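# Structural overview for review
Now for the letters of each chain:
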Amino acid sequence: MPPKGVLTRMEKCCIWLLMVCGLLPFRLDVSANRFVESTVHYWTNVGGTVLYAFVGPLLYWVSINTLIHPSTQMNHYLMVVQFLFMYIVVITSRIKAVANGEKLRNLLNALLALREQALQGSSGVEFAPTLSRKLCIKLLVFDLGMMILSATFFRSFIDLQHSVFYSLLGCCNLLQVSSMNASINFLLFVLYNAVNIYMIINARCNDLVYGSKSPKEIVRLYLMHTETSLIVQKIIEVLTMPILLLSTWYFFIIVFSVFYTYTSLVQDLQFSSLDALRNIINPIAFFISEIAQVYFLASSSSMFTSCARQIISNLSLYTGRISDGPEEQAIELLTIEHLNRDFTIQIKGLFTIDNTMMFSIVASTTSYMIILVQYYLQE
């Protein structure tokens, strides 16, 4: 039986994909369960970034330049904006990863150490596999599956004389989109690990609350809780710019996908095309993939905040007690300190990533769709 705290197969698969995408300029040492420096991964990351900087625009232009359906000027403008978003996000995320490689590696190792520490002395306690399974489903269904489905039907929009060639180009183009989501997958890996640590800490605090050694043990667990929060916050600081750009991208691409589906369907109905339903599979699959990214990002952030705040229910049991000793006084101080700590995930102070983010995107999408449809009807 492997020691407690070792990454599961699904988590290792996620890390492997992050290394393949070029986001992580280091590698995972499976035997030590730690991330170690790797010259090969570092220079592969640098080389891949430089290669994409030159090949990316050409690949995108060739695959999109021959697009013939739907033929609207607004769609072509939005495609240019789409590529600019993709290009900036991919380049920025990889530059940030290379520039902060050592910092990210140390933070991840500290998180893995806390993961092992949280499981020490807890017989029968393991990390909940639900979150790892959830991340794996996201990678297989929404990152890979929907992109393959979208790329398969990309040929519906171009000259069928070169359908196989352009299907391959469409697949390569959509791989660029998948590589953008590497930053989100990395953040999900971090948040899900932090949530698991919080769940174990909260459960142990609840069990210890009436024990004779509970004050000392709860103080120790709370310090572990605080260290987990600090590690996550430092990782988010590194990822702030990519996440900010991705959040803007998700809003844009959701609006674009809905508008693209609308214009495609309208033109097919106008010309009585028999491929009307087939032609909307590409944008719908793309839309589902991107809306899933927003859902996982918002739900994981909300889960992190909720689990981080849950420990206060255990600490509050000591509030109001007569402080007979320094241990009880320490717990009261921890309660006050916890109430003054912000566990929400904020991006540059502009917005908070939580479930309200999804509602905001839906509301804004509706408003912008009305504007775009009015513009389309006037063309």
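Values in this document were obtained by computation on a predicted structure and should not be read as measured data.

### Re unusual backbone geometry
Of note in this structure, N33 is not a glycine but carries a positive phi near 55 degrees. Of note, N33 is situated in the loop between β1 (26-29) and β2 (34-37). The class of N33 is buried, set by a relative accessible area of 5%.

### So, the UniProt feature "transmembrane region" (unreviewed entry) in the protein
Residues annotated by UniProt as "transmembrane region" (unreviewed entry) correspond here to residues 42-62, 74-95, 139-158, 164-192, 238-260, 280-298 and 357-377. With 100% helix and 0% strand, the stretch residues 238-260 has end C-alpha atoms that lie 34 Å from each other. A distance of 27 Å separates the end C-alpha atoms of residues 280-298, which is 95% helix and 0% strand.

### Description of the pairing of β1
Two elements, β1 and β2, share four bridges in a ladder whose sense is antiparallel. Bridged to D29 within β2 is R34. Counting the residues that bridge the hairpin from β1 to β2 gives four residues, and of these N33 lies at a positive phi of roughly 55 degrees.

### A short note on the packing of aromatic side chains
For any pair of aromatic rings, the description rests on two quantities: the centre-to-centre distance and the angle between the ring planes. Taken as a whole, this structure holds seven aromatic pairs when the rule is applied. When the centroid spacing of 5.5 Å and the interplanar angle of 45 degrees are considered together, the rings of Y198 and F304 count as tilted. Residue Y198 is located in helix α7 (residues 182-208), and its partner F304 is located in helix α10 (residues 281-310); the two are separated by 106 residues in the primary sequence. Here the two residues Y198 and F304 agree in accessibility, since each one is buried.

Rules used in this analysis
Residues numbered from 1 in each chain as written. Predicted model: local features only at pLDDT ≥ 70, side-chain atom pairs only at ≥ 80, totals over all residues. Heavy atoms only, no water. Helix = DSSP H or I, 4+ residues; strand = E, 2+ residues; numbered from the N terminus. Buried < 20%, exposed > 50% of the residue type's maximum accessible area, 1.4 Å probe, protein only. UniProt positions renumbered as here; feature names shortened; annotations may be inferred. Pairing = 2+ DSSP bridges. Phe/Tyr/Trp six-rings, centres within 6.5 Å; stacked < 30°, edge-to-face > 60°.

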